[in-house]
Amino acid sequence: MKILKPFLLSVCLGASMGAFSTAALAECEDGRTCFEPDVAIDNVVSKIMEARHAIDNGADSQGIINLIREAISLNKEINANDVVDRHRQKAAGYLKKARSEVKKSALQPADAHLLEAENRFKALHALL
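Computed from a prediction, not measured in an experiment: that's the story for all the values here.

### Comments concerning helix H6 (residues 107-127)
So, step 1. When the terminal C-alpha atoms of H6 are compared, their 31 Å separation across 21 residues agrees well with the 30 Å that a helix rising 1.5 Å per residue should span.
So, step 2. Buried residues of H6: Ala 110, Asp 111, His 113, Leu 114, Ala 117, Glu 118, Phe 121 and Leu 124, and no others. Here the buried residues of H6 occupy an arc of 160° about the axis, which is enough to place them on one side. Of the residues in H6, the exposed ones pointing more than 90 degrees away from the buried face are Gln 108 and Ala 126.
So, step 3. On its buried face, H6 is in contact with helix H3 (37-56), helix H4 (61-75) and helix H5 (82-103).

Next comes the structure, spelled out in structure tokens:
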């Protein structure tokens, strides 16, 4: 009896651990929407393209800054591995440089930084 109780308990615990997938129970905290890395990268690239389009069409600086901020916040949703994260951080640096250039009303350097950020975020697809 001393051996049977711990054995049955361990079998029940093992069965209950394997019954539910942890991925099925995973949720994003803070009510955020979770995306796959490919989708998150595409979302960031589309925001960058919107910001570049706004610069080309002569939009106001505050609107461009808001688009860049949205791209910066969306880029934090890219969760794949350490290599992708390192390259993501380098690409996000160009977004921050572009935002600072827009604050200074220098739209041509900002467009160049956004183009570089767009190319670097597109290159993340190859690292997945």
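### Here we look at a nonpolar patch on the surface
So, step 1. Residues Met 1, Leu 4, Phe 7 and Val 11 make up a contiguous nonpolar surface patch of about 450 Å² in total accessible area.
So, step 2. Take Val 11: it is sitting in helix H1 (residues 4-19).
So, step 3. By relative accessible area, Val 11 is classed as partly exposed at 43%.

### Description of the side chain of Glu 118
So, step 1. With respect to the helices and strands, Glu 118 occurs in helix H6.
So, step 2. What makes Glu 118 buried here is its relative accessible area of 5%.
So, step 3. Not counting residues within four places of it along the chain, the set of residues in contact with Glu 118 comprises Val 45, Ile 48, Met 49 and Arg 52.

### A look at unusual backbone geometry
So, step 1. Positive phi outside glycine occurs at Ser 105, with the angle close to 65°.
So, step 2. Tracing the backbone shows Ser 105 in the loop between H5 and H6.
So, step 3. Ser 105 gets classed as exposed once you look at its relative accessible area, which sits at 55%.

Here is what the cut-offs are and how they apply
Residues numbered from 1 in each chain as written. Predicted model: local features only at pLDDT ≥ 70, side-chain atom pairs only at ≥ 80, totals over all residues. Heavy atoms only, no water. Helix = DSSP H or I, 4+ residues; strand = E, 2+ residues; numbered from the N terminus. Expected span 1.5 Å × (residues − 1). Buried < 20%, exposed > 50% of the residue type's maximum accessible area, 1.4 Å probe, protein only. Arc of directions from axis to C-beta. Contact = heavy atoms within 4.5 Å. Patch = residues over 30% accessible without salt bridge, like charges linked within 9 Å, V, L, I, M, F, W, Y side chains within 5 Å. Areas by Shrake-Rupley, 256 points an atom, 1.4 Å probe, with all protein chains shown as cover. Salt bridge = Lys/Arg side-chain N within 4 Å of Asp/Glu carboxyl O.

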